[in-house]
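Spelled out from the first residue to the last, the chains are:
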Number of protein chains: 4
Amino acid sequence: MPNFVPTHRITHEATMLMLQRGIAKATELKALVSIAVVDASGQTLAFVRMDGARLFSEAATIKKAKTASSQGLATGYAKPEDVVSMQIRFDGHFTNVPGGFPIVVDGQVVGGIGAGGAKIEQDVEIAKAALAALD
Amino acid sequence: MPNFVPTHRITHEATMLMLQRGIAKATELKALVSIAVVDASGQTLAFVRMDGARLFSEAATIKKAKTASSQGLATGYAKPEDVVSMQIRFDGHFTNVPGGFPIVVDGQVVGGIGAGGAKIEQDVEIAKAALAALD
Amino acid sequence: MPNFVPTHRITHEATMLMLQRGIAKATELKALVSIAVVDASGQTLAFVRMDGARLFSEAATIKKAKTASSQGLATGYAKPEDVVSMQIRFDGHFTNVPGGFPIVVDGQVVGGIGAGGAKIEQDVEIAKAALAALD
Amino acid sequence: MPNFVPTHRITHEATMLMLQRGIAKATELKALVSIAVVDASGQTLAFVRMDGARLFSEAATIKKAKTASSQGLATGYAKPEDVVSMQIRFDGHFTNVPGGFPIVVDGQVVGGIGAGGAKIEQDVEIAKAALAALD
């Protein structure tokens, strides 16, 4: 059995581009958000809070990126009655608010992207625009 | 695009006056409260716990000021079923108890004021009296 | 043996007056400081950060008031070689920087006052002016 | 006496440009760093960790930006024998490692920029290049 398997890391060229595309989409939508990119271990790789975005959007957005990266799923999949229990179980890092997406390369999750601070459908659209920077 | 946008900071003359007006209103109502003023980034600028006010009112009141400053809204706007989830999502800083108000100058949130420790309608009245010191 | 002994609490009239006198002295000295008053249990009763005072002065000033209240001594009494060990031993609450004074009534420590963020001799003078509000 | 004084906020156009210029300088120097921009109250506005930069550089770099913003000084000004005591006194947020600079507009500190994770002289050069994006 091998000791190691090949995987991928996200470059800072890519994380910066994701922030830029997210900001561009938010500006188009006249929304003010935080945007975060984390790696497969949930560590923050890139973050921006747009001028005027809510202070609390930093924490909420990092949780979106971290949840998507950990679970390999877009945020928002849990049943409402399970959410608080899951938040506590995962040491406060879990969120069920849409706007977080896993970053997948060759079938492996290599990170997560999240946007937060505007209306949920705007957060989702902004996070998707940021993710699409990788195409 | 500009690198900076003009905004305002609250002076300590103003924060002290807010505490005084809040105390005066509380005294009139025979209520004992904590009163807190925070800046746009949630940092405490001025705080007082009235003699006899509950110990826990310090934490609860700072959360009111911080929530109002972050969200740009008077506290108490969330749906009851969302509150615990929001508290965890915002790392414990969020509160849904009325008695917190944003401080707005020229359409921009520059801070928040909160009062807590008495009956909710008293907290609200005291916080409003403190906020009115800025008029 | 009695179950209780009489003591005193500091009123909010007194804590607010201490903040005001401290601010007045700081203004006279053209200094920008944080000022904190804590009770005998180290809990914050009143606090103000003057507009333009250093962000870190909040933490440092509360430690001055708390140390003076706990130890019943003006801050700055420890030998330099002992300071870091004492800081860790007292869970980070201890400081050896002058500018903190115990508040004493009838021979009992009932709290502490601290000022911080300017030159040490200014911090001391401001804290003394605040304390003198109680005379 | 006024209730408010005019100041400035850093736009996200500016914080993103600072990250980009910092990355460009780091690439030129063949260095791998984290870069952080915080506001006047120490809140993170923008952050990037370059691919391959040390994990611990995130924490160290945010402390550089925060210290510069709080103290209004480039990091590295303290006497070596005072550093550990200051780190504890400022609740772990202080650093004395060069590579952090205050962001000043019209004579007022509106934030801080930090770079960390490479050789100190490289960190300094990268942070200066990022700061120069504002000229």
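Visitor: Can you break down the overall build of chain A residue by residue, with the values?
Guide: Each helix and strand in chain A was counted, giving four helices and four strands. A compact globule built from 135 residues should have a C-alpha radius of gyration of about 14 Å, and chain A, at 14 Å, falls within 12% of that. In chain A, buried positions account for 54% of the 135 residues. For chain A, contacts bridging at least 24 residues in sequence account for 60% of all contacts bridging at least 6. Carbon and sulfur atoms provide 56% of the accessible area of chain A, an area that totals close to 6300 Å². Positive and negative charge centroids in chain A, built from 13 and 13 side chains respectively, lie 4 Å apart.

Visitor: Tell me about the relation of the copies chain B and chain A, and please be specific about residues and values.
Guide: Here two copies of a chain appear, and what relates them is a rotation about an axis with a shift along it. Laying chain B over chain A is done by rotating through 88° and shifting 0.5 Å along the axis; what remains is an RMSD of 0.1 Å. Interpreted geometrically, this transformation is the action of a four-fold axis. The rotation axis passes nearest to the C-alpha of valine 84 of chain B in chain B, at a distance of 5.0 Å.

Visitor: Could you give me a rundown of the sheet that holds strand E3 (residues 44-49) of chain D, with the residues and numbers involved?
Guide: Ordered in space as E3(A)-E4(A)-E1(A)-E2(A)-E3(D)-E2(D)-E5(D)-E4(D), the eight strands form an open sheet in which the pairing is antiparallel. The open sheet has two edge strands, strand E3 (100-105) of chain A together with strand E4 (100-105) of chain D, and neither has a second partner. For this sheet, the mean inter-axis angle between neighbouring strands, taken without regard to orientation, is 15°. Relative to strand E5 (residues 108-116) of chain D, E4 of chain D runs antiparallel, the two sharing six bridges. Its bridge partner lying in E5 of chain D, phenylalanine 101 of chain D is registered against isoleucine 113 of chain D.

Visitor: A description of the interface of chain B and chain A should follow, citing residues and the corresponding values.
Guide: Many descriptions give the size of an interface as the accessible area lost when the pieces come together. With 17 residues of chain B at the contact, the number on the chain A side is 14 residues. A buried area of about 1300 Å², summed over both sides, lies between chain B and chain A, and 65% of it is on carbon and sulfur atoms. Along the contact surface separating chain B from chain A lie one salt bridge. For lysine 63 of chain A, the salt bridge identified is with aspartate 91 of chain B, shortest N-O distance 2.6 Å. Here chain B and chain A share four residue pairs in polar contact (both at pLDDT 80 or more) between them. Where the side of chain B that touches chain A is concerned, the elements lending two or more residues are helix H2 (57-71) and helix H3 (83-89) of chain B.

Visitor: Describe in detail the packing of helix H1 (residues 12-28) of chain C against helix H4 (residues 120-131) of chain C, supporting the description with residues and values.
Guide: Residues and elements named next belong to chain C. Orientation of H1 relative to H4, taken along the N-to-C sense of each, is 140°, at an axis distance of 7 Å. Every pair of crossing elements has a handedness; the one defined by H1 and H4 is right-handed. Contacts between H1 and H4 involve Met18, Arg21, Gly22, Lys25 and Ala26 from the first element and Glu125, Ile126, Ala129, Ala130 and Leu131 from the second. Its residues placed into classes, the contact of H1 with H4 shows six nonpolar, one polar and three charged.

Visitor: Please give an account of the layout of surface pockets that cites residues and values.
Guide: If a probe as big as a water molecule is rolled over the atoms, it shows which places are left empty. Taken as a whole, the largest pocket spans an internal volume of roughly 1600 Å³. Looking at the largest pocket, it is lined by 48 residues, and the ones nearest its centre are Gln43, Lys66 and His93 of chain B together with Gln43 and His93 of chain D. When residues of the lining of the largest pocket are traced back to their parent elements, those giving at least two are strand E2 (44-49) and helix H2 (57-71) of chain A, strand E3 (44-49) and H2 of chain B, strand E2 (44-49) and helix H2 (57-71) of chain C together with E3 and helix H2 (57-71) of chain D. Tallied by class, residues from the lining of the largest pocket come to 17 nonpolar, 18 polar and 13 charged.

Visitor: Describe the sheet that holds strand E4 (residues 100-105) of chain B, naming the residues involved and giving the relevant values.
Guide: Within the open sheet, the eight strands sit side by side as E4(B)-E5(B)-E2(B)-E3(B)-E2(C)-E1(C)-E4(C)-E3(C). Their pairing is antiparallel. Each edge of the open sheet is held by one strand with a lone partner, namely E4 of chain B together with strand E3 (100-105) of chain C. For this sheet, the mean angle separating the axes of adjacent strands, direction not counted, is 15°. H2 of chain C rests against E3 of chain B together with strand E1 (34-39), E2, E3 and strand E4 (108-116) of chain C of the sheet, and its axis sits at about 155° to E4 of chain C.

Visitor: Hey, could you go over helix H4 (residues 120-132) of chain A for me, with residue numbers and the actual values?
Guide: Residues and elements named next belong to chain A. Along its 13 residues, H4 runs 18 Å from first to last C-alpha, staying within 8% of the 18 Å computed at 1.5 Å per residue. For H4, every residue scored as buried is listed here: Gln122, Asp123, Val124, Ile126, Ala127, Ala129 and Ala130. Where H4 is buried, its residues contact helix H1 (12-28), strand E1 (34-39), H2, E3 and strand E4 (108-116).

What counts, and at which threshold
- Residues numbered from 1 in each chain as written.
- Chains lettered and ligands numbered in written order.
- Predicted model: local features only at pLDDT ≥ 70, side-chain atom pairs only at ≥ 80, totals over all residues.
- Heavy atoms only, no water.
- Helix = DSSP H or I, 4+ residues; strand = E, 2+ residues; numbered from the N terminus.
- Rg over C-alpha atoms; globule rule 2.2 N^0.38 Å.
- Buried < 20%, exposed > 50% of the residue type's maximum accessible area, 1.4 Å probe, protein only.
- Contact = heavy atoms within 4.5 Å.
- Areas by Shrake-Rupley, 256 points an atom, 1.4 Å probe, with all protein chains shown as cover.
- Lys, Arg positive; Asp, Glu negative; His and termini not counted.
- Charge placed at Lys NZ, Arg CZ, Asp CG, Glu CD.
- Least-squares fit on C-alpha atoms with pLDDT ≥ 70 in both.
- Pairing = 2+ DSSP bridges.
- Axes fitted to C-alpha atoms, helices over the stretch in contact; angles between N-to-C directions.
- Buried area = accessible area lost by both parts, 1.4 Å probe.
- Salt bridge = Lys/Arg side-chain N within 4 Å of Asp/Glu carboxyl O.
- Polar contact = N/O pair within 3.5 Å; in protein donor to acceptor, adjacent residues only side chain to side chain.
- Left-handed = near helix turned anticlockwise from the far one by under 90°.
- Nonpolar A, V, L, I, M, F, W, Y, C, P; charged D, E, K, R; others polar.
- 1 Å grid on protein atoms, 1.4 Å probe; cavity = no way out; pocket = protein on both sides within 12 Å on 5 of 7 lines; lining within 4 Å.
- Points joined across faces, edges and corners; volume = space filled by probe spheres on them.
- Expected span 1.5 Å × (residues − 1).

Take it as geometry only, folks, not as evidence of what the structure does.
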